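Okay, here's what each chain looks like letter by letter:
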Amino acid sequence: MTLTVHHLIFTATAETPVVLAAQSGPAVRGAVSNALWTRFCANKEAPTCADCPLYSRCPVAALVAPMRSEDEKGSDQRPRPYVVRPPLADDQHARQGESMHFQPGDTIRFGLALFGHAENLFPFIVMAVRELERDGIGVKLDELRRRRGRIALRSIEAYHPLSGARQTLYPLPGGTVYFPGLPIDAAAVHDYAARLPTEEITLFFHTPMRLIDQDRLVKTIALRPLIQRLMRRLDDLSRAYGDGPLAIDFRGLLALAEQVTVTADKTRWIDVVSVSSRQQRRTPVGGLIGSATFRGPLAELRELIVWGSLIHVGRNAVKGDGWYTLQGMPVWP
């Protein structure tokens, strides 16, 4: 498999008060998506991207509404070629669902991962994030005359979460922005996975993990539905943004996942709703957060589990849901 992932970290300073929900992935994704649409959409009269005659050449459509080609199986829409990683509330605020409040001068950090050949859209992501300096982010505040809080972008870094390597992309002399040069590929995943335990692994779920199994929400953590959804997501991303489908034994890996048990379940379910101000639509984005320890025949599942930590798993991944790390893997560098 030749899918690659570029992880990016954006560090900003609050210029005014900024308020973000405890689970702020939908707000970050919405702000970036709206900035892309405002800045680069050349046909705002089209009801949807799919109805626009400029669709095939449009960077906005490629990022926010990618469509499958005629020879691709599945629904009409491809998975989005990126996910966001939102600022994380501390444990106490997350448990109580309290908002995060930033005062002028406070640091706000969020991430974004680009998949495969969608790395070519990196300049549009940078310009969209720069738009947040003007348009703001988060909750509209009375003290700001019902505007969102403004931020100032301070730096952009490429980050390799498996090796710990970092690369400064911005700011650089002359205002230049470097193209990210730390791709995470299958070889890096293989090497990292080979050093993991073969019988017991602990995962930490930082944003809601929303899985559907046999048409029902998974509210008690188990590895088999996670692996099943992960294999499908990784296959979809590899087909859309890599060089083709996964060459793995889907049935065999699912059978192994069925044998894995949960020995320590510290997850809990939270209900969260994402509200689209442009589309006037509410979407449930809640799921399981916390940690869980899995025990069983994990040796052949380790690479998949590492891929999941890079690409997110489950519903609403593009909005930041389904972000987990493995024990010993830092959340932020």
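Residues numbered from 1 in each chain as written. Predicted model: local features only at pLDDT ≥ 70, side-chain atom pairs only at ≥ 80, totals over all residues. Heavy atoms only, no water.

**Q** Please explain the pattern of salt bridges as it appears in this structure.
**A** Two side chains carrying opposite charge are able to pair once their charged atoms lie near each other. All told, the structure shown has twelve salt bridges when counted by the stated rule. R224 serves as the salt-bridge partner of D213, at 2.7 Å between the closest nitrogen and oxygen. Here the residue D213 occupies a position in strand β11 (residues 212-213), and R224 occupies one in helix α6 (residues 223-241), the gap between them amounting to eleven residues. Classification of D213 as buried rests on a relative accessible area of 19%. Exposure remark for R224: the relative accessible area of 15% places this residue in the buried category. (Salt bridge = Lys/Arg side-chain N within 4 Å of Asp/Glu carboxyl O. Helix = DSSP H or I, 4+ residues; strand = E, 2+ residues; numbered from the N terminus. Buried < 20%, exposed > 50% of the residue type's maximum accessible area, 1.4 Å probe, protein only.)

**Q** Looking at this structure, I do not really get the nonpolar core. What am I missing?
**A** A general tendency of soluble globular proteins is for nonpolar side chains to be buried together. Counting residues in hydrophobic clusters, the biggest one holds 50 residues, and the most contacted among them are L301 and Y324. Among the secondary structure elements, those contributing two or more residues to this core are β5 (107-115), α5 (186-194), β10 (200-209), α6, α7 (250-258), β17 (287-295), α8 (302-311) and β18 (324-326). No other element matches α6, which puts nine residues into this core. Core analysis: the next-biggest nonpolar cluster, separate from the first, contains 45 residues, A12, A14, A128 and I156 among them. (Core = buried A, V, L, I, M, F, W, Y, C linked by side-chain atoms within 4.5 Å.)

**Q** Looking at this structure, how should I read the state of the cysteines?
**A** Disulfides are covalent bonds that connect the sulfur atoms of two cysteines. A full pass over the atoms with the stated rule returns zero disulfides. Here C49 stays free of any disulfide, with the sulfur of C58 as its closest cysteine sulfur at 6.1 Å. With no disulfide of its own, C52 lies 6.4 Å from the sulfur of C41, the closest cysteine sulfur. The exposure class of C52 is buried, given its relative accessible area of 14%. (Disulfide = S-S within 2.5 Å.)

**Q** How should I be thinking about the environment of P59 in this particular structure?
**A** By the secondary structure assignment, P59 is in helix α2 (residues 59-64). Taking the C-alpha atoms as reference points, P59 and A118, separated by 59 residues in sequence, lie 9.8 Å from one another. Excluding anything up to four places from it in sequence, P59 contacts L121 and F124. (Contact = heavy atoms within 4.5 Å.)

**Q** Would you mind showing me how to read unusual backbone geometry here?
**A** Working note: non-glycine residues mostly have negative phi, and peptide bonds are mostly trans. Omega for the peptide link from Y170 to P171 comes to 0°, which places this bond in the cis form. Relative to the helices and strands, P171 is located in the loop between β9 (166-170) and α5. Of note in this structure, D215 is not a glycine but carries a positive phi near 65°. Mapped onto the secondary structure, D215 falls in the loop between β11 and β12 (216-217). D215 gets classed as exposed once you look at its relative accessible area, which sits at 78%.

**Q** What exactly am I supposed to notice about the environment of P245 here?
**A** Within the fold, P245 resides in the loop between α6 and α7. For P245, a relative accessible area of 49% translates into the label partly exposed. In this structure, the C-alpha to C-alpha distance between P245 and A128, residues 117 residues apart in sequence, is 31 Å. In contact with P245, not counting residues within four places along its chain, are D235, S238 and R239.

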